[in-house]
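# Inside the fold
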Amino acid sequence: MPVMIGMSGDQKGATPAYNSSIDHFRDDEYPSLRDVVYLDHAGSTVYARSMIQAYAADLQTNLYGNPHSDNTPSRISGVRVDAIRLQLLRFFGADPNDFDLIFTANATASIKLVGECMSHYAPSPMTSSSKRRGFHYVYHQDSHTSLVGLRQIANGGSVCLGDAAVKSWIQKGSQPKMATLFAYPGQSNMTGRRTPRSWPAQIRRNHKDTFVLWDAAAIASTSPLNLSDADSAPDFTALSLYKIFGYPDVGCLIVRKAAADALRQRRYFGGGTVDMVINSPSVRQEGWHALKTGSLHDSLEDGTLNFHSIAAIPHAIDTHDRLFCSMSDVSAHCAFLVGQLYGQLVSLRHSNNAPLCRIYTGSEHHGFGDASLQGPTIALSVLDPSGSIHGYANVERAADQERIYLRSGSVCNPGGMAYLGWVRMEDMKAAWNAGHRCSDPIQEVYGQTTGIVRVSLGAMSTKADTDRFVDWLSRTYIDRDIMSSPEKPQGSECSHGSECSLESSKHKETVGQMGRTRGTVKRIVDHIRRIFCQSAR
């Protein structure tokens, strides 16, 4: 059983508590974490050694065949996949009578599946007009790119809303001419802030023919989903299992059976999702097919499932339960760590008392230490004594050299860029025209940063991890001015080797120099202002 050490405070939600048992088993269960600090759990967490050993023994002992065949190994695979499907539903607190689970490649594939299905949806399957089929799309500003991408297939148009606008839209209610899909993340993949779980029930009360898609990829990694109340649960919940267990690399879509009809009208069919297919020998006669009409997952799991990887899931769940007891305990442990880390970061100061870190919360009040408001993720910029920002990619590279692994950039969250001051679309397009790309960034465009440093914790994170990160950050950056920093110039690198043209490289260097020139002017003005204020006193 975990040994939990509580933290005083009046935070809402579960009381933060450090799981000291992790310090005793981590070297043995997670040998890949020895002598490193891994702070990118929001990207993927780490798998336990005993889980991999149990999974390997399973594959070495049992013969699993393609579930679409009818021989004994194939029937064993089919029965096992169905049992694992039910086990996962129970893990997420979802009653199989109220929910179905569809295996996918990852959360993005789950989201895409919903969009593809709803692009042909009509409240009445007999609707012939294409104008009535499809959906209107409403999505939250803090959405991952994978949610944003659904707007491209929303033939009823789309709109992006912030917190206040979402609340107003929910309260206003609507009776749309076509179906509406509302999508939002359970937790921002950039800042870690958590959004209300009450929205699906409120939408269901106030909006007709409106479905809710919940991106749970980030929140499910360190928090119980608890879908026990089908009436208040999202219609569609998308997630990736490797973010929870480290392995397998499998995703799933959890569907309220009450909303299943919204996914039954897609046009495409693949192997395993049809009972019969007849090809037409003539262009004058359409082909014919009969979709499977049993469970929803039978009609949507195209082709052969990744049944060997799915076989790892029971071992992942059993190992996770044995090491961490429950997702509630993981949540309490991570809330303790991120609350402590936040306190350490805001206390770091240069000798002129200027802060070392600027932390982006995505809301007016931070929720670090309160698992109902904040996940174990911190988005930050590292500042020099004048308040100028060290390049985020430079910080990541410097950390990497010390075997401290984190993430930097815009982290696939276009709406989150507003926290950095990128509000106007024309400004974002100007950055694109200047040569900035997510995959090949200019860290500063016209004096404004284009990304953040993201630190994210997981179930097996420890105090030693956060302490080592804070120690490295203070040793490396306190009282270090950007102009005297040994970091490489911002915007001067090309990640494509010889394929990158000299002209493009020079252009990026010019933009970077323009940004740094503005930063230098700002530092000179700040310095003169401080001298003036001191003489005035």
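As annotated in an unreviewed UniProt entry, the protein is Aminotransferase class V domain-containing protein from Aspergillus calidoustus.

### A few points about a negative patch on the surface
On the surface, Asp-95, Asp-98, Asp-229 and Asp-231 cluster together into a patch of negative charge. Summarising the element assignment, Asp-98 is placed in the loop between α3 (72–91) and β4 (99–104).

### Brief notes about the environment of Ser-388
Residue placement: Ser-388 occurs in the loop between β14 (377–382) and α13 (392–401). When its relative accessible area of 8% is taken as the criterion, Ser-388 is described as buried. Each C-alpha atom, one on Ser-388 and one on Gln-448, is 9.7 Å from the other, the two residues being 60 residues apart in sequence. In terms of polar contacts, Ser-388 uses its side chain to reach the side chain of Ser-386, at 3.3 Å.

### A look at the side chain of Arg-454
Within the element layout of this structure, Arg-454 appears in strand β19 (residues 452–456). Here Asn-189 takes part through its backbone oxygen, which lies 2.7 Å from a polar atom of the side chain of Arg-454.

### Some words on the packing of aromatic side chains
This structure, assessed with the given rule, holds 16 aromatic pairs. For the ring pair Phe-135 and Tyr-137, a centre distance of 6.0 Å and an interplane angle of 85° mean the geometry is edge-to-face. Owing to a relative accessible area of 0%, Tyr-137 belongs among the buried residues under this scheme. Considering the side-chain rings of Phe-182 and Tyr-184, the 5.4 Å spacing of their centres and the 25° angle between planes classify their relative orientation as stacked. Owing to a relative accessible area of 0%, Phe-182 belongs among the buried residues under this scheme. Accessibility expressed as a relative area gives 0% for Tyr-184, which makes it buried. Chaining the aromatic ring pairs together yields one cluster made of Trp-169, Phe-182, Tyr-184 and Trp-199.

### Considering the sheet that holds strand β9 (residues 236–240)
Spatially, β4-β10-β9-β8-β7-β5-β6 is the arrangement adopted by the seven strands of the open sheet, whose pairing is mixed. On the outer flanks of this sheet lie β4 and β6 (158–161), each paired with one strand and no other. With direction set aside, neighbouring strand axes in the sheet form an average angle of 20°. With three bridges connecting them, strand β8 (residues 210–215) and β9 associate as parallel partners. The partner of Asp-215 across the bridge, within β9, is Ala-238.

### Considering the side chain of Asp-384
By the element assignment, Asp-384 lies in the loop between β14 and α13. Polar side-chain contacts of Asp-384 include one of 2.8 Å to the side chain of Ser-386.

### Brief notes about the packing of helix α12 (residues 327–347) against helix α15 (residues 463–477)
For any two helices packed against each other, one specifies the inter-axial angle together with the distance between the axes. The contact between α12 and α15 brings their axes to 10 Å, and the two run at 15°. Here α15 runs roughly parallel to α12, going by the angle between their axes. At the point where α12 passes α15, the crossing takes the right-handed sense. On α15, the residues touching Phe-336, Leu-337, Gln-340, Leu-341, Gln-344 and Leu-345 of α12 are Lys-463, Thr-466, Asp-467, Phe-469, Val-470 and Leu-473. Residue composition of the contact of α12 with α15, by class: seven nonpolar, three polar and two charged.

### Brief notes about the pairing of strand β5 (residues 135–140)
Taken across its six residues, β5 has five buried, putting it largely inside the fold. Sheet topology note: the β5/strand β7 (residues 179–185) ladder contains five bridges and is parallel. Its bridge partner being in β7, Phe-135 is matched across the sheet by Ala-179. Pairing of β5 with β6 involves four bridges; the strand directions are parallel. Note that in β6 the partner of Tyr-139 across the bridge is Cys-160.

### Re the pairing of β4
Of all six residues in β4, six are buried; the element is thus mostly enclosed. Residues Phe-99, Leu-101 and Phe-103 point to one face of β4 and Asp-100, Ile-102 and Thr-104 to the other, with burial holding for every one of them. For β4 and strand β10 (residues 251–256), the ladder comprises six bridges, and the chain directions are antiparallel. Bridging from a neighbouring strand, Phe-99 pairs with Arg-256 of β10.

### A word on the confidence of the model for the protein
This prediction gives the protein a mean pLDDT of 87; 86% of its residues lie at or above 70. This stretch, residues 7–12, has a pLDDT under 50; its non-local contacts, to residues over four places away or in other chains, come to eight contacts. Note on residues 488–511: pLDDT under 50 across the span, and 39 contacts to partners over four residues away in sequence or across chains.

### Observations concerning the sheet that holds β14
Spatially, four strands are ordered β13-β14-β19-β16 in an open sheet, and the strand pairing comes out antiparallel. The strands lining the two open edges of the sheet, one partner per strand, are β13 (357–360) and β16 (407–409). Between one strand axis and the next, the sheet turns by 35° as a mean value, whatever way the strands run. In the packing of α12 onto the sheet, contacts are made with β13, β14 and β19, and the angle to β14 comes to roughly 15°.

### Here's the deal with a nonpolar patch on the surface
Together, Met-276, Ile-278 and Trp-288 make up an exposed nonpolar region whose accessible area comes to about 320 Å². For Trp-288, the position within the fold is in strand β12 (residues 288–291).

### Re the nonpolar core
Membership of the largest hydrophobic core comes to 61 residues, with the highest contact counts inside it found for Tyr-30, Phe-92, Phe-103, Phe-182, Leu-225, Leu-241 and Phe-324. A domain-level breakdown of this core finds at least three residues from each of domain 1 (49–319) and domain 2 (327–477). Residues within four places of Tyr-30 in sequence aside, it is in contact with Phe-25, Val-46, Tyr-47, Ala-48, Leu-323, Phe-324 and Met-460. Judged by nonpolar contacts, the second largest core, of 32 residues, contains Ile-378, Val-395, Phe-469 and Trp-472.

### Here's the deal with the packing of helix α2 (residues 49–61) against helix α11 (residues 313–324)
Where α2 meets α11, the axes come as close as 9 Å, and the angle between the chain directions of the two elements is 150°. With respect to their mutual orientation, α2 and α11 come out roughly antiparallel. In terms of crossing hand, the pair formed by α2 and α11 is right-handed. Taken together, the residues of α11 that come into contact with α2 (itself represented by Ser-50, Met-51, Ala-54, Tyr-55 and Asp-58) are His-315, Ala-316, Thr-319 and Arg-322. Its residues placed into classes, the contact of α2 with α11 shows four nonpolar, three polar and two charged.

Cut-offs and rules
Residues numbered from 1 in each chain as written. Predicted model: local features only at pLDDT ≥ 70, side-chain atom pairs only at ≥ 80, totals over all residues. Heavy atoms only, no water. Patch = residues over 30% accessible without salt bridge, like charges linked within 9 Å, V, L, I, M, F, W, Y side chains within 5 Å. Areas by Shrake-Rupley, 256 points an atom, 1.4 Å probe, with all protein chains shown as cover. Salt bridge = Lys/Arg side-chain N within 4 Å of Asp/Glu carboxyl O. Lys, Arg positive; Asp, Glu negative; His and termini not counted. Charge placed at Lys NZ, Arg CZ, Asp CG, Glu CD. Helix = DSSP H or I, 4+ residues; strand = E, 2+ residues; numbered from the N terminus. Buried < 20%, exposed > 50% of the residue type's maximum accessible area, 1.4 Å probe, protein only. Polar contact = N/O pair within 3.5 Å; in protein donor to acceptor, adjacent residues only side chain to side chain. Phe/Tyr/Trp six-rings, centres within 6.5 Å; stacked < 30°, edge-to-face > 60°. Pairing = 2+ DSSP bridges. Axes fitted to C-alpha atoms, helices over the stretch in contact; angles between N-to-C directions. Parallel < 35°, antiparallel > 145°, perpendicular 65-115°, else oblique. Left-handed = near helix turned anticlockwise from the far one by under 90°. Contact = heavy atoms within 4.5 Å. Nonpolar A, V, L, I, M, F, W, Y, C, P; charged D, E, K, R; others polar. pLDDT = per-residue confidence, 0-100. Core = buried A, V, L, I, M, F, W, Y, C linked by side-chain atoms within 4.5 Å. Domains from an automatic or database assignment.

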